[in-house]
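A look at the structure
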Amino acid sequence: MEHLETGRRAILAGLGATILGLPCAARANGATARETIVTCWQDFKTRFVSSEGRVIDTGNGGISHSEGQGWGMLFAEAAGDKESFDQIYTWTSVHLARPNDALHIWKYNPNAANPTADINNATDGDIFITWALARAAQRWGQSSFYSAAAAISGDILNKLCVIRNGQVFLLPGVSGFKTTKSLTLNPSYYIFPAFDALAMLSPSVTWNQLRLDGLELLRSAQFGRWGLPPDWLSVSGPGLWMEPAAAWPPRFSFNAIRVPLWLTWAGIMPKVIARNFKTYWQSPVFPYHPAWVNLENGSYANFPAPSGMEAIADLTLASDGNAAPVFPAMSEAPDYYSAALTLLSWMAAAHLDILGS
C-alpha cells in the first residue's frame, strides 16, 4: 500500500496549489484576508450551524441542504476549524447519505415525519462537499477525506455528466432533469473553481470538456435586455436550442447570481459576460439592484437584492479593474443564504488577491 499512499500525498500536494489560495498578504480594514474569513465564519457558525453540525437555512423554514452542508465544510476548512468541519461532515454523512452511491440527499426537513423523503441529489451540493473534502485532505493530511472526495467525484463524473451532440452537460441531479429530447440545467451549478480539484480526484478528459462546454453554454445562455443567464435553463432538440426552463419563472435571480461568482473566482470570466453584468448592475433603469429581473418582459423585484447578492456584484465589478471590493458586513445578511454568498465572495476575493491593502 505504500505506493498508493505516496500517490495520495502527491495528489494532495498538487491540490494545495489550486484549492487553498488564501493569500495572507491581502488586507481589508486592517485585517488579513484569513483573519476576516475566520471572523466571518465565527459569525456564520453562531447564527446558522447547530451544535451537531447541521447548517440551517433560516430563510427556508429551517431545513438543510447538501449545498449548505458543503458550504459549511468549505468555510470551516478555510478558517482552519477542524472541529466544526468534522461535526458538519459527520452530520452530513449520517443524515444525507444516499443508499446506492457516494452522492448526497439534497434536502433534510426536520419537521417532516421522514426528513429525507426525496432521496434525489443536488449536484452543486455534491460538488461543494467534494471540494471541501479535498481541501481538508490537503490541509490536515487526512487520507479518509481524500478517499471520500474521490468517490463522490467519480459519481458526479459517471452519473451527472451527460453528452448531447458531442457536448458535455452537467445535470442538476440524478433524477428528473433528462429526457430523450431535452435537458433541464441550472447554470449556477457549473462551479468552475472546483473543477480542477474534481479532475485530480477522478482523472478524466471529461472535466476539461465540461469546463469548455460550460463556458460555451454560458456564452449562449444570455437572455433579455441585459443578456443574463436564467436560474433554470432548457436545452432541447438536435440543435441544442436554449431558453429559460418553463417550470420556473424566467428570471436572473437567487440561483443565477452565483454564475458571476464562479466565473470570477476561477478567473475565466468571458469579456462579453462581464460586460453584460456590468451594464446590468450599473443600469440607471433601476432605483436599486433588484433581487431579480424577468428576462422576458424586463419586470423586476419591488425589493432590493440582499447583501449576499450585493457582495457578488462588488466582487465581479472589482475583478474587472475597479476599486477593491467593499463587501457588506456579515451582520447585514438577513438569512443563511445571503451570509453564505458574502463569505464565498470573501473567499474568492482572497484567492484573487483583489482586497487591497
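Residues numbered from 1 in each chain as written. Predicted model: local features only at pLDDT ≥ 70, side-chain atom pairs only at ≥ 80, totals over all residues. Heavy atoms only, no water.

1. Comments concerning the nonpolar core
The biggest cluster of nonpolar side chains holds 112 residues, and the ones touching the most others in it are Phe44, Trp71, Phe75 and Leu133. For this core, the leading source of residues is helix H12 (residues 336-352), giving 12 residues. Excluding residues that lie within four positions of it along the chain, Trp71 makes contacts with Phe128, Arg258, Tyr336, Tyr337, Ala340, Leu341 and Leu344. (Core = buried A, V, L, I, M, F, W, Y, C linked by side-chain atoms within 4.5 Å. Buried < 20%, exposed > 50% of the residue type's maximum accessible area, 1.4 Å probe, protein only. Helix = DSSP H or I, 4+ residues; strand = E, 2+ residues; numbered from the N terminus. Contact = heavy atoms within 4.5 Å.)

2. A word on helix H3 (residues 66-78)
The first and last C-alpha atoms of H3 sit 18 Å apart over 13 residues, in line with the 18 Å expected at 1.5 Å per residue. H3 sits mainly inside the fold: 13 of its 13 residues count as buried. A positive backbone phi angle near 70 degrees is found at Gly80, which sits one or two residues after H3. (Expected span 1.5 Å × (residues − 1).)

3. Things to note about the pattern of salt bridges
Where charged atoms of side chains with opposite charge meet at close range, the side chains can pair. According to the stated counting rule, one finds 11 salt bridges in the structure shown. Note that Arg98 is salt-bridged to Asp101, the shortest N-O span being 2.7 Å. Both residues of the pair, Arg98 and Asp101, count as buried. A salt bridge links Asp101 to Lys159, with the nearest nitrogen and oxygen atoms 3.9 Å apart. Of this pair, Asp101 sits in the loop between helix H4 (82-96) and strand S4 (107-108) while Lys159 is found in helix H6 (residues 143-160), placing the two residues 58 residues apart along the sequence. Through salt bridges with shared partners, a single network forms among Glu67, Asp124 and Arg258. (Salt bridge = Lys/Arg side-chain N within 4 Å of Asp/Glu carboxyl O.)

4. Side note on the side chain of Ser84
Along the chain, Ser84 falls in helix H4. Within polar-contact distance, the side chain of Ser84 engages the side chain of Lys45 at 3.2 Å. (Polar contact = N/O pair within 3.5 Å; in protein donor to acceptor, adjacent residues only side chain to side chain.)

5. Some thoughts on the side chain of Asn294
Tracing the backbone shows Asn294 in strand S11 (residues 293-294). A polar contact of 3.0 Å, which involves the side chain of Asn294, links it to the backbone nitrogen of Asn297.

6. Some words on the sheet that holds strand S7 (residues 182-185)
Here three strands make up an open sheet; going across it, the order is S7-S8-S9 and the pairing antiparallel. The two strands at the open ends of the sheet, each matched to only one other strand, are S7 and strand S9 (241-244). Each neighbouring strand pair of the sheet contributes to a mean axis angle of 20 degrees, computed without reference to strand direction. Pairing of S7 with strand S8 (residues 233-236), which is carried by four bridges, proceeds in the antiparallel orientation. Looking at the pairing, Leu183 lines up with Val235 of S8. (Pairing = 2+ DSSP bridges. Axes fitted to C-alpha atoms, helices over the stretch in contact; angles between N-to-C directions.)

7. A look at the packing of aromatic side chains
Counted by the stated rule, this structure contains 32 aromatic pairs. Ring centres of Trp41 and Phe44 lie 6.0 Å apart, and the angle between their planes is 25 degrees; on these two criteria the pair is classed as stacked. With Trp41 and Phe44 both in helix H2 (residues 33-48) and three residues apart, this pair spans about one turn of that helix. On the accessibility criterion, Trp41 (0% relative accessible area) is buried. Note on Tyr189 and Trp232: the rings are 6.2 Å apart at their centroids and 65 degrees apart in plane angle, and the pair reads as edge-to-face. Residue Tyr189 is found in the loop between S7 and helix H7 (192-201), and its partner Trp232 is found in the loop between helix H8 (205-220) and S8; the two are separated by 43 residues along the sequence. Among the aromatic residues, ring-to-ring pairing joins Trp41, Phe44, Phe48, Trp71, Phe75, Phe128, Trp131, Trp262, Trp265, Tyr336 and Tyr337 into one connected group. Over the ring of Trp140 we find Arg139; its NZ or CZ atom is 5.8 Å from the centre of that ring. (Phe/Tyr/Trp six-rings, centres within 6.5 Å; stacked < 30°, edge-to-face > 60°. Lys NZ or Arg CZ within 6 Å of the ring centre and 35° of its normal.)

8. Considerations on H6
In this model H6 runs 25 Å from its N-terminal to its C-terminal C-alpha over 18 residues, within 8% of the 26 Å that 1.5 Å per residue would give. All of the buried residues along H6 are Phe145, Tyr146, Ala148, Ala149, Ile152, Ser153, Gly154, Asp155, Ile156, Leu157 and Leu160.

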